[in-house]
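# Commentary on secondary and tertiary structure
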Amino acid sequence: MKDRITEVLLQEIDALTKEEIEGLLEVPKKADMGDYAFPCFRLAKAYRKAPNLISQEITEKIREKNYDFIEKIENVGGYINVFLDKEGYAKSLMEKICQDNYGSSDIGKGKTVCIDYSSPNVAKNFHVGHLRTTIIGNSLYKIFDKLGYHVERINHLGDWGTQFGKLIVAYKKWGSKEEVEEKGIEELMKIYVKFHEEAEKDPSLDDQAREWFVKMEQGDEEALSIWQWFKDISLVEYKRIYKLLGIEFDHYTGESFYRDKTQAVVDTLNEHHLLVESDGAYIVPLDEYNMAPCLITKKDGSSIYATRDLAALFYRKDTYHFDKCLYVTGLEQKLHFAQVFKVIELLGYDWYKDLDHIPYGLVSMEGGKLSTRSGNVIYAEEILHESISKIYEIINEKNPDLPDKEKVSRIVGVGAIIFNDLYNQRIKDVIFNWDKILNFDGETGPYVQYTYARCASVFRKAGNVDIDSVKDIDYKVLTEESTMALIKDIERFPAVIQDAANKYEPFIISRFVMSVAQHFNKFYHDCQINVDDENVKMARLKVVRAAMNTLKDGLDLLGISCPEQM
Ligand code: ARG
């Protein structure tokens, strides 16, 4: 319909292109301003006339043509308001949104996107910051997948670096096998902290740590077997969280994967005369670009984070031939990625343009009691379990006889956290306020899931009609305002997904599902579904089905599932 209205306007307006007209065409907030509104202000200059005169002239011309899909056309203060023939419009919208896989597309066909996300640091707890990259990265994967892209989901574990030298020293001095086996990461964190306390008093510990890391880099068997053990122990904990979230990766290629690939980075940089010695270390100076230099090798010859990221990029380009390589991390790594991407550019690879850093803001508790910046870490697993048990209490109170209460609480509790995380622009900080996050009537995950369950219950009450196989539905009966508002909202789905992909912003999807849920509830309130008139009943059930599918698919793009009952 938007297309048809654009064509109609294009016939009368020669000063704008089709794309420009389409871009200006609005969907008014209020129904009494029409289904579409076109502002004429941009035309004032070209036509040397006041916008309200222009809108009047165009309106009259269109009116004379008597289009059958236009019920009414009016000009109001520089706007052209178009009212569509509701019956024809409802029919064409319903036919569109009831197509299979509405929202999917193949614009990404044949293209590969690498997404580097989650990537926790081995031997360290998985905190809410890592929860954000995990949730955002997973949603971006789903969004690109929906658009037909091939996605490589990469977990670039922080499993290499001098910190492991420190851990080995600490373990040998103060650790015990039993404690590490029993307590896992918690114990590793404890001895790591102890290392730092002791190293303040005895700096020779730092030298020992460096030596152990050099041994690791040289392939020393003992060093590597302790390191591998720490890594295995950490992965058990991380995978528990991924399972709870329902998230998977295609590759667990952490930093250590590139340890035999960093020399090639050094050689390539040398061939391009980009490396400069500085106090025994090697760097790529970037002052010309207003950045600190990119450190490549340290004095003792060991590689660093950036070296391994460069190696990873060569590997990914060679192996996956990506069209885009995305990195989801906190904002504090902005400079790091700017440096790495710049080095790729300086090497003369034009695919530096396909690299993007996708930063996000901090997480804190309302009241500022806990915040990642102040060093008080909130653990992801704790927050997820807390959410699940709080939801369990709510369900127990509201609906004690619900079957599968535990499973439903898990889906809703996890969904609440994910939804809250993805409800605003990435870069905004996320604040935890339990009352808000878990409110079944608020702008929350549970509210959307509840709306989905409500749709499911409509079908249960209608005797589980197989509405998908009912043919010849008379959509002309769907002319009530709240029905039209709902189906018009659903129609936006494909455009919303593309917008979210272009901007790397899952919040565009979460706002959309919230809007659909709100429109559905208005429709549900206004229109009885199980009515005697079969025509009306079937058409309305079909609307419920379309809303239900959209809510499910939309939530799925965020990484959230839907219980059929809650
Ligand atoms: N391990 C890093 C951290 O926890 C994130 C790694 C991001 N990915 C990358 N290729 N550098 O901060």
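Use the structure listed above.
Residues numbered from 1 in each chain as written. Predicted model: local features only at pLDDT ≥ 70, side-chain atom pairs only at ≥ 80, totals over all residues. Heavy atoms only, no water.

## Observations concerning the overall build of the chain
Within the chain, the secondary structure is distributed over 22 helices and twelve strands. The principal-axis extents of the C-alpha atoms in the chain amount to approximately 90 × 65 × 45 Å. Out of the 566 residues in the chain, the part that is buried amounts to 52%. At a minimum sequence separation of 6, the contacts of the chain that also span at least 24 residues come to 72%. Accessible surface, the chain: about 26,500 Å² in total, of which carbon and sulfur atoms supply 46%. Seen as two clouds, the 73 positive and the 94 negative side-chain charges of the chain have centres 2 Å apart. (Helix = DSSP H or I, 4+ residues; strand = E, 2+ residues; numbered from the N terminus. Buried < 20%, exposed > 50% of the residue type's maximum accessible area, 1.4 Å probe, protein only. Contact = heavy atoms within 4.5 Å. Areas by Shrake-Rupley, 256 points an atom, 1.4 Å probe, with all protein chains shown as cover. Lys, Arg positive; Asp, Glu negative; His and termini not counted. Charge placed at Lys NZ, Arg CZ, Asp CG, Glu CD.)

## A closer look at the pairing of strand S3 (residues 79-84)
Successive residues of a regular strand alternate their side chains across the two faces of the sheet. Among the six residues that make up S3, five are buried, leaving the element largely enclosed by the rest of the structure. As paired strands, strand S1 (residues 36-39) and S3 are joined by four bridges and run antiparallel to one another. From the neighbouring strand, Ala37 faces S3, where its bridge partner is Asn81. As paired strands, strand S2 (residues 70-76) and S3 are joined by six bridges and run antiparallel to one another. The partner of Ile73 across the bridge, within S3, is Val82. (Pairing = 2+ DSSP bridges.)

## Description of the side chain of Glu255
Mapped onto the fold, Glu255 is located in the loop between helix H11 (221-245) and helix H12 (262-271). Residue classification places Glu255 among the buried positions, given a relative accessible area of 5%. Excluding anything up to four places from it in sequence, Glu255 contacts His156, Leu157, Gly158, Asp159, Trp160, Tyr305 and Arg308.

## With respect to the packing of helix H16 (residues 405-421) against helix H18 (residues 445-461)
Packed helix pairs are specified by the crossing angle of their axes together with the interaxial distance, meaning the distance between the axes. The contact between H16 and H18 brings their axes to 8 Å, and the two run at 130°. Classified by the angle between their axes, H16 and H18 sit oblique to one another. Counted together, Ile411, Val412, Gly415, Ala416 and Phe419 of H16 and Gly445, Pro446, Val448 and Gln449 of H18 form the full contact between these two elements. (Axes fitted to C-alpha atoms, helices over the stretch in contact; angles between N-to-C directions. Parallel < 35°, antiparallel > 145°, perpendicular 65-115°, else oblique.)

## Focus: the packing of helix H6 (residues 128-146) against helix H20 (residues 493-503)
One can describe the packing of H6 onto H20 by two numbers: an axis separation of 10 Å at closest approach and a directional angle of 125°. Between H6 and H20, the interaxial angle falls into the category oblique. For the crossing formed where H6 meets H20, the hand is left-handed. Counted together, Ile143, Phe144 and Lys146 of H6 and Ile497, Ala500 and Ala501 of H20 form the full contact between these two elements. Tallied by class, the residues present in the contact of H6 with H20 amount to five nonpolar, no polar and one charged. (Left-handed = near helix turned anticlockwise from the far one by under 90°. Nonpolar A, V, L, I, M, F, W, Y, C, P; charged D, E, K, R; others polar.)

## Observations concerning the sheet that holds S1
Spatially, S1-S3-S2 is the arrangement adopted by the three strands of the open sheet, whose pairing is antiparallel. Of all strands in the sheet, those with a lone pairing partner are S1 and S2, marking the two edges. Taken pair by pair, the neighbouring strands of this sheet meet at an average axis angle of 15°, ignoring direction. Taken strand by strand, helix H4 (residues 51-64) contacts S2 and S3, and its axis lies near 160° from that of S2.

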